[in-house]
Amino acid sequence: MTSKHRNVIHYRRAKPSMPHCAVCRSELQGISKKGGKSRRTTNRLFGGTLCANCTAKIIELGNRVEQGEIKLDEIGIRQRVFVLQRMSH
Ligand SMILES: [Zn+2]
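Residues numbered from 1 in each chain as written. Predicted model: local features only at pLDDT ≥ 70, side-chain atom pairs only at ≥ 80, totals over all residues. Heavy atoms only, no water.

Turning our eyes to something else, we now look at the coordination of the zinc ion. The zinc ion binds to the protein through Cys 21 (SG), Cys 24 (SG), Cys 51 (SG) and Cys 54 (SG); the donor distances cover 2.3 Å. For the zinc ion, all donor residues lie on one chain, and their spacing in sequence is C-x2-C-x26-C-x2-C. Of the two residues, Cys 21 sits in the segment before helix H1 (37-40) while Cys 54 sits in helix H2 (residues 52-66), which places them 33 residues apart along the sequence. Assessed through its relative accessible area of 0%, Cys 21 is described here as buried. (Donors = N, O, S within 2.8 Å, 3.2 Å for Na, K, Ca; no water. Helix = DSSP H or I, 4+ residues; strand = E, 2+ residues; numbered from the N terminus. Buried < 20%, exposed > 50% of the residue type's maximum accessible area, 1.4 Å probe, protein only.)

Set out below in structure tokens:
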């Protein structure tokens, strides 16, 4: 069917939401949606993925696992993946 009055439904793109921490879901700070990649992420381990608190926590947990103080399965699953990443760096 051809018509000048075609009804086209436009779906609005979802508003870009602030990135959230993968562990505690809080909004990540220091991230701008403008500019290039370097402005959109934080130049830190897990920048753009974890908040500063959780990054510190992950590093601490990783160290404790390496020291044998705790076992990997004592760490929550969300944190564990990052501890593993951290330890493989
Ligand atoms: Zn967090």
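The topology assignment puts Asn 53 in helix H2. Note: C-alpha distance between Asn 53 and Cys 21 (32 residues apart in sequence) is 9.6 Å.

All right, on to the pattern of salt bridges then. Applying the stated criterion to the full structure yields two salt bridges. For Arg 64, the salt bridge identified is with Glu 60, shortest N-O distance 3.7 Å. Here Arg 64 and its partner Glu 60 are both found in helix H2, four residues apart, which amounts to about one turn of the helix. Residue Arg 64 is joined to Glu 69 by a salt bridge in which the shortest nitrogen-to-oxygen separation is 3.3 Å. In this structure, a network of salt bridges that share partners links the residues Glu 60, Arg 64 and Glu 69. (Salt bridge = Lys/Arg side-chain N within 4 Å of Asp/Glu carboxyl O.)

Both trends apply: most residues other than glycine have a negative phi, and most peptide bonds are in trans. For Arg 25, which is not glycine, the phi torsion reads 70° and is therefore positive. Take Arg 25: it is sitting in the segment before H1. Positive phi, close to 65°, is recorded for Phe 46, a residue that is not glycine. Exposure remark for Phe 46: the relative accessible area of 9% places this residue in the buried category.

Distances and angles like these do not, on their own, reveal function.
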